[in-house]
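# An overview of the molecular structure
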Amino acid sequence: MQDINKIKMIISDVDGVWTDGSIYKGFSSTENIELKKFSVSDGAAVALIREAGLKVALISGRKSAATESRASELKIQDIYNGTLNKIPPYEELKSKYTLSDDEIAYVGDDLIDIPIMEKVAFPIATNNASTSCKKVATYITKKNGGDGAFREAVEWILSEQGRLDSVIKSLQEKVKNQ
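These numbers come from a predicted model, not from an experiment.

Cut-offs used in this document
Residues numbered from 1 in each chain as written. Predicted model: local features only at pLDDT ≥ 70, side-chain atom pairs only at ≥ 80, totals over all residues. Heavy atoms only, no water. Salt bridge = Lys/Arg side-chain N within 4 Å of Asp/Glu carboxyl O. Helix = DSSP H or I, 4+ residues; strand = E, 2+ residues; numbered from the N terminus. Buried < 20%, exposed > 50% of the residue type's maximum accessible area, 1.4 Å probe, protein only. Pairing = 2+ DSSP bridges. Contact = heavy atoms within 4.5 Å. Axes fitted to C-alpha atoms, helices over the stretch in contact; angles between N-to-C directions. Core = buried A, V, L, I, M, F, W, Y, C linked by side-chain atoms within 4.5 Å. Arc of directions from axis to C-beta. Phe/Tyr/Trp six-rings, centres within 6.5 Å; stacked < 30°, edge-to-face > 60°.

### Topic: the pattern of salt bridges
Using the criterion set out here, one finds 16 salt bridges in the structure. Here aspartate 102 ties to lysine 6 by a salt bridge, and the two come within 3.3 Å at their closest N and O atoms. With aspartate 102 in the loop between helix 3 (87–96) and strand 6 (104–108) and lysine 6 in the segment before strand 1 (9–12), the pair connects residues that are 96 residues apart, well separated along the chain. With a relative accessible area of 40%, lysine 6 lands in the partly exposed category. The partner of arginine 62 in a salt bridge is glutamate 34, with the nearest N and O atoms 2.8 Å apart.

In C-alpha cells form, the structure reads like this:
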C-alpha cells in the first residue's frame, strides 16, 4: 500500500475533471470562439494545494485557449495543453521536481489518463469517469468533473494526510490578514 503522506504533487487532466467535458463553440467573421465552464471550487483547491506546500500541474489532451487562460488566472505554471500522450510531460514533471511515482497523485476521467494513473501512487477518477478509468482508481470522487471533483480529490488527499483542517485554517488566516 502506498503512503499518502509522501504525496508532493497533484497532476490533473482538465476536460472531464475541471470541466464537465462540454465545449461550446461559436464563430464570428474573424475568429472561432470556444467556451468552457470551470468550477470556482476547483480554483480554490489550487490555493489549498499551495498552502499545503504541494505542487500542481495540468496535462490536457486537448489544446484549448480557455484552459490556458484558466491556468494563467490560477498561476499554474506547469500546464501541458494538447498532449494526447501524457507520459512525456509526466516524466518531464518528475524530472523537473525530482519526484518519483510514489510522490504523485493524478486526477483523470478517461482512457488517455490511464497510462499515468497506472504509474502514480494515488490515481483518482471523477464520478463521471469512464469505467476503465474507475477500475484503476484508488479513489473515485462523488462529484462529477466540472462540479468540484478536483477540489474533492484535493480535500480527500489532505484529509487522508491528516492536514485538511490545519491547511484550511492557515489559508483562512492568510486571507483574513490581507
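### Digging into the sheet that holds strand 4 (residues 55–60)
In space, the 6 strands of this open sheet follow the order 5-4-1-6-7-8, with parallel pairing throughout. The open sheet terminates on both sides in strands that have one partner only, identified here as strand 5 (78–81) and strand 8 (139–140). Strand direction decides the pairing type here: strand 4 and strand 5, joined by 4 bridges, are parallel. Bridge pairing links isoleucine 59 to tyrosine 80 in strand 5. Helix 2 (residues 65–73) contacts strand 4 and strand 5 of the sheet and is inclined by roughly 175° relative to strand 5. Helix-sheet contacts for helix 3 involve strand 1, strand 4, strand 5 and strand 6, and the interaxial angle to strand 5 is about 165°.

### Structural notes on the nonpolar core
Grouped together as the largest cluster of nonpolar side chains are 31 residues, with contacts concentrated most on Ile10, Trp18 and Phe150. The element that contributes the greatest number of residues to this core is helix 6 (residues 149–160), accounting for 6 residues. By size, the runner-up hydrophobic cluster in this structure holds 18 residues, among which are Met9, Tyr106, Ala125 and Ala129.

### Comments concerning helix 3
Where helix 3 is concerned, the buried positions are Pro89, Tyr90, Leu93 and Lys94. Along helix 3, the residues classed as buried sweep out an arc of 145° about the axis, all on the same side. Those residues of helix 3 that are buried lie in contact with strand 1, strand 4, strand 5, strand 6 and helix 4 (114–117).

### Comments concerning the packing of aromatic side chains
Following the criterion strictly, the structure yields 3 aromatic pairs and no others. Consider the rings of tyrosine 139 and tryptophan 156, whose centres lie 4.5 Å apart with planes at 10°: the pair is stacked. Placement of tyrosine 139 in strand 8 and of tryptophan 156 in helix 6 is noted, with a sequence separation of 17 residues between them. When its relative accessible area of 15% is taken as the criterion, tyrosine 139 is described as buried. Judged by relative accessible area, tryptophan 156 falls into the buried class, the value being 15%. Feature note: the residues Phe122, Tyr139 and Trp156 constitute an aromatic cluster, connected by ring pairs.

### Some words on the side chain of threonine 67
As for its placement among the helices and strands, threonine 67 is situated in helix 2. Residue contacts for threonine 67: discarding those within four places in its chain leaves Val14, Lys36, Phe38, Ile79 and Asn81.

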